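Below are the chains, spelled out letter by letter.
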Amino acid sequence: LIYYFLIEKYHIKNATCLRATSKMEVNTFKKLGFKNKIINIPNSIKIPKVKLKFKAKKKKKILFLNRIHEKKGISELLNAWKHIHNKYLDWELVICGFDENGYTGKMKKLSNDLKLNRVVWKDPVNGKDKEDLFRSSDLFILLSHSENFGLSIAEALSFGLPVITTINTPWKNVKKYNCGWCIDLKMKNIVKTMESAICLNHKKKISMGKRGRAWIIRDFSDQSIGKKLQSTYNWILKKGPKPKKLIFN
């Protein structure tokens, strides 16, 4: 905080342009009183190689992969699973991520108290182990109470997974591009959406996955984001036009 007021605030205030990675960051810059022009360019992600095709599986997975924190909606997820876990015996719920302030223990206790079946808890994964977990899953879910970007959502879409998330994230376009569901945190809606996703036939799941992956490649790949940044730098250096649809006054 001291560094911000003594040094960083001056640098930000005098910057030709500020880069935000989401609308939330744009609003934060404005609330802090900065009058600079703002470029809203999201983070990029590495696009994995995947083959989207149907494989018969005895067990299917709904994957949560993120920080184990109360704002990530894990309590709501477990309570929703309570309504359906005995109806879909070939599905399991996999929860994987870094524990924050002992919250994993609280959620494991809640799972036990609710007498849930087929909830698998996994330690954090990276690299190939993380890729393998995405590849072995069938749906992705993140019921966040708030989210600046939600990298794991972009990653899941890049692996061709249909996504269930909330209107509290900047991923409302999953509905627009028909590659997932974006809902509020009402329990009735969570349960209904999870059931709809589980019951979706394999052909439709694959089609949703392909649409989501195409969207991520088009708007969030290294190449796509790199071009937007290069365009911005060229404009700042007076070597190119003002980037379209990216400037906020």
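Structure: above.
Notes on the pairing of strand S3 (residues 60-65)
The side chains of a regular strand alternate between the sheet's two faces.
Next up, step 1: Summarising burial for S3: six of the six residues are buried, a large majority.
Next up, step 2: With six bridges joining them, S3 and strand S4 (residues 91-96) adopt parallel strand pairing. When the sheet's bridge partners are listed, Leu63 is paired in S4 with Val94.
Next up, step 3: At this point the chain moves from S3, through helix H3 (residues 74-84), to the parallel S4, and the crossover so formed is right-handed.
Next up, step 4: With two bridges connecting them, S3 and strand S6 (residues 139-142) associate as parallel partners. Pairing of Ile62 across the sheet is with Leu139, part of S6.

Side note on unusual backbone geometry
Next up, step 1: Of note in the backbone geometry, Arg118 takes a positive phi value of approximately 60 degrees without being a glycine.
Next up, step 2: By the secondary structure assignment, Arg118 is in the loop between helix H4 (103-113) and strand S5 (119-122).
Next up, step 3: For Asn178, which is not glycine, the phi dihedral falls at a positive 55 degrees.
Next up, step 4: Relative to the helices and strands, Asn178 resides in the loop between helix H7 (173-176) and strand S8 (180-183).

Points about helix H8 (residues 187-199)
Next up, step 1: For H8, which comprises 13 residues, the first-to-last C-alpha distance of 18 Å matches the rise-based estimate of 18 Å (1.5 Å per residue) to within 8%.
Next up, step 2: The complete set of buried residues in H8 reads Ile190, Val191, Thr193, Met194, Glu195, Ala197 and Ile198.

Description of the pairing of strand S7 (residues 163-166)
Next up, step 1: Taking every second residue as pointing to the same face, both faces of S7 are buried, with Val163 and Thr165 on one and Ile164 and Thr166 on the other.
Next up, step 2: In terms of strand pairing, S6 meets S7 through three bridges, oriented parallel. Opposite Phe140, over in S7, you have Val163 as the bridge partner.
Next up, step 3: Regarding topology, helix H6 (residues 151-158) serves as the crossover connection from S6 to the parallel S7, and that connection is right-handed.
Next up, step 4: Two strands pair when backbone bridges link them, and S7 and S8 are joined in this way by four bridges, in the parallel orientation. When the bridges of S8 are listed, Val163 appears paired with Gly180.

Criteria and cut-off values
Residues numbered from 1 in each chain as written. Predicted model: local features only at pLDDT ≥ 70, side-chain atom pairs only at ≥ 80, totals over all residues. Heavy atoms only, no water. Buried < 20%, exposed > 50% of the residue type's maximum accessible area, 1.4 Å probe, protein only. Helix = DSSP H or I, 4+ residues; strand = E, 2+ residues; numbered from the N terminus. Pairing = 2+ DSSP bridges. Right-handed = clockwise from strand over helix to strand, strands pointing away. Expected span 1.5 Å × (residues − 1).

Interpretation in functional terms is not warranted from these geometric data alone.
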